[in-house]
Amino acid sequence: MANKISSKTAKPAEPKLLSGGNPQIAKGEGDGPVQAYIAAMPGWKSNVGRHLDELIMRTVPDAHKAVKWNSPLYGMKDDGWFLGIHCFNKYIKLAFFRGAALQPILPGESRTAETRYFHIHENDPIDEAQLADWIRQASLLPGEKM
């Protein structure tokens, strides 16, 4: 007797949220893994993530995307990464890997001298022009090899 193939399709498993509320998304290159991460961002963070992705790609249309270490990364092909995104319980962290060279200097310090952070909390007003300028500046600097 031949095996029957079920016509029911399995619902994809919801991504696991790691401690701090960061989605666990498989490592991958391109837009697909980044969009999967954004869709899995909990609560208000998903809409902000979608907006950030649009802003980054509008500002740097030839940016390369990937998800590594459960974080979307943006960079220039073969030149390393200039920006990473990571979810925490109460905010989204933007990591500018050469952020110390950006003007005006970003508010969030890092343990490394070159990296600077920008945090977005729920209902924070975002100065899109300033954020786009930081993104543009960061894309012109040598990227972080990871």
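The preceding data block contains the structure.
A. Main features of the side chain of H64. Mapping H64 onto the fold places it in strand β2 (residues 64–68). Side chain to side chain, H64 and E29 meet in a polar contact 2.5 Å long. Residue contacts for H64: discarding those within four places in its chain leaves E29, L73, Y74, G75, K77 and W81.

B. The pattern of salt bridges, seen in detail. Evaluation of the coordinates by the stated rule reveals six salt bridges. Of the charged contacts in the structure, one is a salt bridge between K65 and D31, with a shortest N-O distance of 2.5 Å. Residue K65 is found in strand β2, and its partner D31 is found in helix α1 (residues 31–40); the two are separated by 34 residues along the sequence. Residue class for K65 comes out buried when judged on its relative accessible area of 8%. In this structure D31 comes out as partly exposed when scored by relative accessible area, which is 40%. For D133, the salt bridge identified is with R136, shortest N-O distance 2.7 Å. Here D133 pairs with R136, and both are found in helix α3 (residues 128–140), just three residues apart, close to one helical turn. Taken together, the shared-partner salt bridges in this structure form one network comprising D31, D53 and K65.

C. A look at helix α2 (residues 44–59). The terminal C-alpha atoms of α2 lie 23 Å apart, and with 16 residues this matches the ideal 22 Å at 1.5 Å per residue to within 8%. Of the residues making up α2, those classed as buried are W44, K45, S46, V48, G49, L52, D53, L55 and I56.

Rules used in this analysis
Each chain has its residues counted from 1, following the order in which its sequence is written. Confidence filtering applies because this is a predicted model: local features only for residues at pLDDT of at least 70, side-chain atom pairs given and counted only at 80 or more, and all residues used for totals across whole chains, interfaces and linings. As a convention, hydrogens and water are excluded, and side-chain values are obtained from all of the structure's heavy atoms. A helix here means a DSSP run of H or I that spans at least four residues, while a strand means a run of E at least two residues long, and both kinds are numbered starting from the N terminus. Polar contact is defined as a pair of N or O atoms within 3.5 Å, subject to the rule that within protein one atom must be able to donate a hydrogen and the other to accept it, and that residues adjacent in sequence are counted only when both atoms are side-chain atoms. Note on definitions: a residue-residue contact is assigned when non-hydrogen atoms from the two residues lie within 4.5 Å. When a carboxyl oxygen of Asp or Glu lies within 4 Å of a side-chain nitrogen of Lys or Arg, that pair is called a salt bridge. Here the term buried applies to any residue with accessible area under 20% of the maximum for its type, exposed to any over 50%, and partly exposed to those in between, with areas from a 1.4 Å probe on protein chains only. By definition here, a helix of n residues has an expected span of 1.5 Å times n minus one.

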